[in-house]
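Chain residues, written in single-letter form:
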Amino acid sequence: MNAPALVKITDFLNLRPGWCYGEGRGFARETADQARQIVTALLAYGFDTLDAFPGLNGEIRVTAYVQAHYLEFTLDRAAGIAFGYEVADQERDYQEGLGLDECVEIIKNLSH
């Protein structure tokens, strides 16, 4: 499975402190591994329009789009995973402090 989001996440590990105009921390392998697992779960449940973004504090955001539906997972080594879900730009769900298993369950439930 070679999705562009997976490649981007792997590339984030090459970013060094100061990567964004003198700001930006490095990324923990554990965070990148979890982000790749989120991407893999999204792909397995039929979400195929994905992206990934690096955060200045070492967090990684994984996004998925299906028509008017938008899913966002922000992985932070210290805070766990935050999940946001919007339909037509209206927030439907937001949760913080999630574990990987909970996120996979959310993905599974939203794929139906």
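Figured I'd write up the structure that's included with this text. Throughout, a residue's number is its position along its own chain's written sequence, starting from 1. Confidence filtering applies because this is a predicted model: local features only for residues at pLDDT of at least 70, side-chain atom pairs given and counted only at 80 or more, and all residues used for totals across whole chains, interfaces and linings. Working from all heavy atoms in the structure, the side-chain values ignore hydrogens and water.

Observations regarding the packing of aromatic side chains
Each pair of aromatic rings is reported with the distance of its centres and the angle of its planes.
Okay, step 1: Paired rings are identified among Phe, Tyr and Trp, the last through its six-membered ring, by centres lying within 6.5 Å, and are further divided according to the angle between planes into stacked (under 30 degrees), edge-to-face (over 60) and tilted (the rest). In this structure the tally under the stated criterion is five aromatic pairs.
Okay, step 2: Ring geometry for W19 versus F27: centroids 6.0 Å apart, planes at 40°, classification tilted.
Okay, step 3: The exposure class assigned to F27 is buried, which follows from its relative accessible area of 10%.
Okay, step 4: Members of the aromatic cluster, joined through ring pairs, are F12, W19 and F27.
Okay, step 5: If you follow K8 out to its NZ or CZ, it ends over the ring of F53, 5.0 Å from the centre. Each residue gets one of three labels from its accessible area relative to the maximum for its type: buried under 20%, exposed over 50%, partly exposed in between, using a 1.4 Å probe on protein chains only. Here, over-ring charges are defined by two tests on the NZ atom of lysine or the CZ atom of arginine: distance to the ring centre within 6 Å, and angle to the ring normal within 35 degrees.

Structural notes on unusual backbone geometry
Okay, step 1: Of note in this structure, Y21 is not a glycine but carries a positive phi near 55°.
Okay, step 2: Helical segments are the DSSP runs of H or I of at least four residues, strand segments are the runs of E of at least two, and each set is numbered from the N terminus. Within the fold, Y21 resides in the loop between α1 (4–12) and α2 (29–44).
Okay, step 3: The exposure class of Y21 is exposed, given its relative accessible area of 82%.
Okay, step 4: Look at A88: it is not a glycine, yet its phi comes out positive at around 50°.
Okay, step 5: Mapped onto the elements, A88 comes out in the loop between β4 (80–87) and β5 (90–98).

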